[in-house]
Amino acid sequence: QLQASGGGLVQAGGSLRLSCAASGRTFSSYGVGWFRQAPGKEREFVATINYSGGYTYYADSVKGRFTISRDNAKNTVYLQMNSLSPEDTAVYYCAKGRGIAADTRPRQYDSWGQGTLVTVSS
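Here we summarise the structure given alongside this text. Bear in mind that the values here come from a model prediction, so they are computed numbers and not experimental data. (Residues numbered from 1 in each chain as written. Predicted model: local features only at pLDDT ≥ 70, side-chain atom pairs only at ≥ 80, totals over all residues. Heavy atoms only, no water.)

Moving on to the pattern of salt bridges. Summed over all chains, the structure comprises six salt bridges. The closest approach of N and O atoms between Arg36 and Asp88, which form a salt bridge, is 2.9 Å. Linking Arg36 in strand 4 (residues 32-37) with Asp88 in the loop between strand 8 (76-81) and strand 9 (90-97), this pair joins segments that are 52 residues apart in sequence. Note that Asp60 is salt-bridged to Lys63, the shortest N-O span being 3.1 Å. Judged by relative accessible area, Lys63 falls into the partly exposed class, the value being 46%. Linked by salt bridges that have partners in common, Arg36, Glu44, Arg65 and Asp88 make up one network. (Salt bridge = Lys/Arg side-chain N within 4 Å of Asp/Glu carboxyl O. Helix = DSSP H or I, 4+ residues; strand = E, 2+ residues; numbered from the N terminus. Buried < 20%, exposed > 50% of the residue type's maximum accessible area, 1.4 Å probe, protein only.)

One pass over the full model with this rule turns up five aromatic pairs. Ring geometry for Phe45 versus Tyr57: centroids 6.2 Å apart, planes at 25 degrees, classification stacked. With Phe45 in strand 5 (residues 44-49) and Tyr57 in strand 6 (residues 56-58), this residue pair connects regions lying 12 residues apart in the sequence. Given a relative accessible area of 13%, Phe45 falls into the buried group. With relative accessibility at 37%, the residue Tyr57 sits in the partly exposed group. Members of the aromatic cluster, connected to one another through ring pairs, are Phe35, Phe45, Tyr57, Tyr109 and Trp112. Sitting above the plane of the Trp112 ring, Arg43 keeps its charged end 4.4 Å from the centroid. In this structure, Lys63 packs its charged tip against the face of Tyr57, placed 5.7 Å from the ring centre. (Phe/Tyr/Trp six-rings, centres within 6.5 Å; stacked < 30°, edge-to-face > 60°. Lys NZ or Arg CZ within 6 Å of the ring centre and 35° of its normal.)

Along the polypeptide, Gln37 turns up in strand 4. Measuring from C-alpha to C-alpha, the distance between Gln37 and Ser69 comes to 21 Å, with 32 residues separating the pair along the chain. The contact partners of Gln37, leaving out residues within four places of it in the chain, are Glu42, Arg43, Ala90, Val91 and Tyr93. A polar contact is formed between the side chain of Gln37 and the backbone oxygen of Lys41, at a distance of 3.1 Å. (Contact = heavy atoms within 4.5 Å. Polar contact = N/O pair within 3.5 Å; in protein donor to acceptor, adjacent residues only side chain to side chain.)

Moving on: the sheet that holds strand 8. Read from one edge of the open sheet, four strands run 1-3-8-7, paired in antiparallel fashion. The two strands at the open ends of the sheet, each matched to only one other strand, are strand 1 (2-5) and strand 7 (66-71). Between one strand and the next, the sheet's axes are offset by a mean angle of 15 degrees, whatever the strand orientation. Taken together, the six bridges between strand 3 (residues 16-22) and strand 8 define a ladder with antiparallel strand orientation. Bridging across to strand 8, Arg17 finds its partner in Gln80. (Pairing = 2+ DSSP bridges. Axes fitted to C-alpha atoms, helices over the stretch in contact; angles between N-to-C directions.)

Below, the discussion takes up unusual backbone geometry. Non-glycine residue Asn75 carries a positive phi angle of around 55 degrees. Within the fold, Asn75 resides in the loop between strand 7 and strand 8. The class of Asn75 is buried, set by a relative accessible area of 16%. Positive phi, normally seen in glycine, also occurs at Ser83, with a value near 50 degrees. Tracing the chain through its elements places Ser83 in the loop between strand 8 and strand 9. You can call Ser83 partly exposed: its relative accessible area is 46%.

Any link to function would need more than the numbers given here.
Structural data, given as structure tokens:
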């Protein structure tokens, strides 16, 4: 139900925009989160947005560099990533929340996309 795309190889300092496309008419009724998992590391929270797009929250590691947004008419959530560094290399996952709120906790999400790989070279 969720399809993440937009990953790829980029040089340090570059930008990428990830997309999370959802099927279903009620996508606009749910918060959405982005998480990432680097090789050998646990999954970590990146950014979240509430159902309307009126509230967003970021991990400290990406604050000021990443922007989460949504277009409910297109059933799509975006993650604009700027000033990328090799530390941002990971598989990025989007997830649909259990409710309308934004949330940093993975257990508050009940549907996950397949992930898209972001590789940042130094």
